[in-house]
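Residues per chain, in single letters:
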Amino acid sequence: MNNKKQIYYQYFQDNILPVIKPLELERVKTVRKVVFISFLFFIAGIIFAGLFIYNSLYSLFNPLLLPILLFLMYAFIIKSIINVMLAGRMYEKQLVDKVLPLFFEPVARFRKWPEKDLETVLNSKLFGNFDELEEPLSFFGFYKNTSIRISDTRLTLPVSSSNKSYLFKGTMIRLELPNSIDNHVILQSKNQKKANNFKQINPHIDELNKFLYCFAKKDTDIITHDFWNIIKKFGEIYTAKNFSFSYDNNVVLIALKQKKPMQFGFLFKSLLKAKNYDELIERFIIVFDLIDLLNN
């Protein structure tokens, strides 16, 4: 097992497990309640479906009755599904609020961080014009002489509308390394619009060239196969729709566009098994692996 993952597992057994046992009892109660209520809605939907079929077969036709039965059938069956979905979303929010901070301490000793980092976003040259930077959640840590800042970030578009439109919504990871490169290197998914005036470079890695454009102020040798093997895992582990990477002097900014940033866990999974947190733990470990590589 990866040594970093073992650190998280051990910390979970020693420090997190005793804290989350009451939350597990709440989860079990919630599951029972949700299943029971959804079952009642589903049974009601089946009953109305039976009445609809019965009325259709035996020609008990009523211009108003059949549409009403059909509507009630769909309404109750859909309600049974929606009830589970809404409970799942509320539970996932609870995990972010109550469980995620429990995993801050191992390795990097993360702490919640209230300050926005607009300067890094602007200097990265990853994005075009945006109106405002929002960060509902941000935390800061330190690993091997490198500061780490991970945030749930939204960049709003400058449009006059009551509904906000986002240029970017997802996770941003900022690294401030102890050493600098005399260059600015950018990698962007091919489904994004270029927002810099650097020249395009070819790192001669076929798999990378299939998914990413590479730009830089000048030629660089930092994009190696080892580098690509770590970078490609970010999109997988964070389930990102697209990926952006900026390495400017000693500052790295990674932007991962996601529908639901910081989301992890599932209503029907136990909180008491360390294995069920692998998805969350891997999100931290891949950042540490990148730092190890760049510092070397």
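Everything discussed here concerns the structure shown above.
A few points on the structure. All values reported here derive from a predicted model rather than from experimental measurement. Here the residue numbers are simple positions, counted from 1 along each chain's written sequence. Given that this is a predicted model, residues contribute local features only at a pLDDT of at least 70 and side-chain atom pairs are listed and counted only at 80 or more, while totals for whole chains, interfaces and linings are drawn from all residues. Each side-chain value is derived from all of the structure's non-hydrogen atoms; neither hydrogens nor water enter the calculation.

### A word on a nonpolar patch on the surface
On the surface, F36, F39, L40, F42, I43, I46, I47 and L51 cluster together into a nonpolar patch covering about 750 Å² of accessible area. Segments assigned H or I by DSSP are reported as helices when at least four residues long, segments assigned E as strands when at least two residues long, and all are numbered from the N terminus. Mapped onto the elements of the fold, L40 is located in helix 1 (residues 3-57). Only residues above 30% relative accessible area that lack a salt bridge enter a patch, with like-charged residues linked at up to 9 Å and the nonpolar side chains Val, Leu, Ile, Met, Phe, Trp and Tyr linked at up to 5 Å. Accessible surface area values rest on a Shrake-Rupley calculation with a 1.4 Å probe, where residue burial reflects the displayed protein chains alone. For this document, the term salt bridge refers to a Lys or Arg side-chain nitrogen within 4 Å of an Asp or Glu carboxyl oxygen.

### Quick look at the pattern of salt bridges
When the charged atoms of two side chains with opposite charge come close together, those side chains can pair. Under the defined criterion, the tally for this structure stands at 18 salt bridges. The salt bridge partner of E135 is R149, with a shortest N-O separation of 2.5 Å. Of this pair, E135 sits in strand 2 (residues 132-143) while R149 is found in strand 3 (residues 146-156), placing the two residues 14 residues apart along the sequence. A single salt-bridge network, built from bridges that share partners, covers K4, K144, D289 and D292.

### Concerning the side chain of R174
Summarising the element assignment, R174 is placed in strand 4 (residues 166-176). In protein, a polar contact means a hydrogen-donor-capable atom and an acceptor-capable atom, both N or O and within 3.5 Å, with residues adjacent in sequence counting only if both atoms are side-chain atoms; elsewhere, any N or O pair within 3.5 Å suffices. In terms of polar contacts, R174 uses its side chain to reach the side chain of D117, at 2.7 Å. Contacts were defined at the residue level, with two residues in contact if any of their heavy atoms lie within 4.5 Å. Not counting residues up to four positions away in its chain, the partners in contact with R174 are D117, T120, S147, I148, R149, V251, V252 and L253.

### A look at helix 1
An α-helical turn contains 3.6 residues, so any two residues separated by three or four positions project in the same direction. Expected span of a helix: the number of residues minus one, times 1.5 Å. Taking 1.5 Å as the rise per residue, helix 1 with 55 residues should run 81 Å; its terminal C-alpha atoms sit only 66 Å apart, a clear shortfall. What we call the bend at a residue is the angle made by axes fitted to the seven residues finishing there and the seven residues starting there. Bending of helix 1 peaks at approximately 60° at the position of I16, with proline P18 no more than four residues after it.

### A look at the nonpolar core
In this structure, F234 and F284 are the most contacted members of the largest nonpolar core, which totals 67 residues. Residue contributions to this core peak at 10 residues, all from helix 6 (residues 278-295). Of all hydrophobic cores here, the second largest spans 13 residues; its members include F127, L155, F168 and L253. Here, the term nonpolar core denotes a set of buried Ala, Val, Leu, Ile, Met, Phe, Trp, Tyr and Cys residues that are joined through side-chain atoms within 4.5 Å. Partly exposed describes any residue whose relative accessible area lies between the buried limit of under 20% and the exposed limit of over 50%, with all areas from a 1.4 Å probe on protein chains only and scaled to the type maximum.

### Digging into unusual backbone geometry
The backbone of N145 sits at a positive phi, close to 60°, despite the residue not being glycine. Checked against the element boundaries, N145 lands in the loop between strand 2 and strand 3. On the accessibility criterion, N145 (56% relative accessible area) is exposed. Look at H204: it is not a glycine, yet its phi comes out positive at around 60°.

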